[in-house]
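Chain by chain, the residues:
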Amino acid sequence: MIEVIGISFKERGRIYYFLPKNLKLKKNITVVVETERGLQFGKVVTDIIQIDEKKFKVPLKPIVRIASKKDYENHRKNIKDANIALKKCKSLVNKYNLDMQIIDAEYTLDRDQLVFHFIADNRIDFRVLAKDLASTYKTRIELRQVGVRDKAKEVGGIGPCGRKFCCASFLNDFDSVSINMAKNQNISLNPTKINGACGRLLCCLNYEDETYKECRKCLPEIGDKIKTEEGTGTVIGLDILSKSYTVDIPEVGRVKVNKSCK
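Just so it is clear, the model here is predicted, and its values are computed rather than measured.

Caption draft 1: Molecular detail of the overall build of the chain. When helices and strands are counted, the chain shows seven helices and 13 strands. Since a compact globule built from 262 residues should have a radius of gyration of about 18 Å, the 26 Å found for the chain marks it as more spread out than a globular shape. Here the C-alpha coordinates of the chain stretch approximately 80 × 50 × 30 Å along the principal axes. A buried classification covers 38% of the 262 residues belonging to the chain. Pairs at least 24 apart in sequence give 55% of the contacts found in the chain among residues at least 6 apart. Working note: accessible area of the chain is about 16800 Å², and carbon and sulfur atoms make up 49% of it. In the chain, 48 positive and 34 negative side-chain charges are present, and the distance between their average locations comes to 5 Å.

Caption draft 2: Highlighting the packing of aromatic side chains. Evaluation of the coordinates by the stated rule reveals three aromatic pairs. It is arginine 111 that lies over the ring of tyrosine 107; its NZ or CZ is 4.1 Å from the centre.

Caption draft 3: Fine view of the side chain of aspartate 209. In this structure, aspartate 209 sits in helix H7 (residues 209-216). In this structure aspartate 209 touches Met181, Asn184 and Gln185, once residues within four positions along its chain are discounted.

Caption draft 4: Layout of the nonpolar core. In terms of nonpolar packing, the biggest core is built from 21 residues, with Met100, Ile102, Phe116, Leu129, Leu133 and Leu143 touching the most fellow members. Here this core takes six residues from helix H1 (residues 69-95), the largest share from any one element. Once residues lying within four places of it in the same chain are set aside, the contact partners of phenylalanine 116 are Ala85, Leu86, Cys89, Ile102, Asp104, Ala105, Leu133, Ile141, Glu142, Leu143 and Arg144. Core analysis: the next-biggest nonpolar cluster, separate from the first, contains twelve residues, Leu219, Val235, Tyr245 and Val255 among them.

Caption draft 5: A look at the environment of aspartate 175. By secondary structure assignment, the location of aspartate 175 is in the loop between helix H4 (166-169) and helix H5 (179-184). The exposure class assigned to aspartate 175 is partly exposed, which follows from its relative accessible area of 46%. Here the alpha-carbon distance between aspartate 175 and asparagine 206, two residues 31 residues apart in the chain, equals 7.8 Å. Once residues within four sequence positions are removed from consideration, aspartate 175 is found in contact with Arg149 and Asn206.

Cut-offs and rules
- Residues numbered from 1 in each chain as written.
- Predicted model: local features only at pLDDT ≥ 70, side-chain atom pairs only at ≥ 80, totals over all residues.
- Heavy atoms only, no water.
- Helix = DSSP H or I, 4+ residues; strand = E, 2+ residues; numbered from the N terminus.
- Rg over C-alpha atoms; globule rule 2.2 N^0.38 Å.
- Buried < 20%, exposed > 50% of the residue type's maximum accessible area, 1.4 Å probe, protein only.
- Contact = heavy atoms within 4.5 Å.
- Areas by Shrake-Rupley, 256 points an atom, 1.4 Å probe, with all protein chains shown as cover.
- Lys, Arg positive; Asp, Glu negative; His and termini not counted.
- Charge placed at Lys NZ, Arg CZ, Asp CG, Glu CD.
- Phe/Tyr/Trp six-rings, centres within 6.5 Å; stacked < 30°, edge-to-face > 60°.
- Lys NZ or Arg CZ within 6 Å of the ring centre and 35° of its normal.
- Core = buried A, V, L, I, M, F, W, Y, C linked by side-chain atoms within 4.5 Å.

Here you go:
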């Protein structure tokens, strides 16, 4: 077990773990860390916790320092300059007629790299764009393609439940969501019901999937022939969470059966 602390580089952004070293850290303190991109300005979002070292595929890096006033000022300047670079990049995309949508831009703290995130339906040849940006900003340019779920997280909005998008409020990582999750929960497979604003399956389908899987273990499938005290019939409906099902028995009608799972 090793001691680690969670750092986020954006509001509601993904949490990355670093070694706290011997620094006195607590939530909401801003720090400077070294990443594969270079130095970055981040905020502490967790307490110091112990995690099995085997869960990390690569060795963790220690936090460089607690952010100083100068680090904060540089960070604010980088945000302002990145917004200007974002507008410039969008104009160049239109100039070169590239089928891509730039959604944000960010400098590393030391301005060693300027990263643009974009979404696109197909593979894009952006070599001319990258060369133009590099000559303008005199730093290393990275154009990184992201998914539509990342865009929804960035833009935000209100979901069908009437609350803010999960991705824009508390969801830090995007877990895999499959159509089988909707089937397990007996949800209508109408795309307008199970897709989010991003056009992908609703992230919330994943939240109760394990519970539904557990409850379904002892239940039959719709269409199965079942023998009951009233006679043999066909399963025509399931109430998964109450662990019951409805059987249509000839000359008897519909009978509700409660299943005791052991």
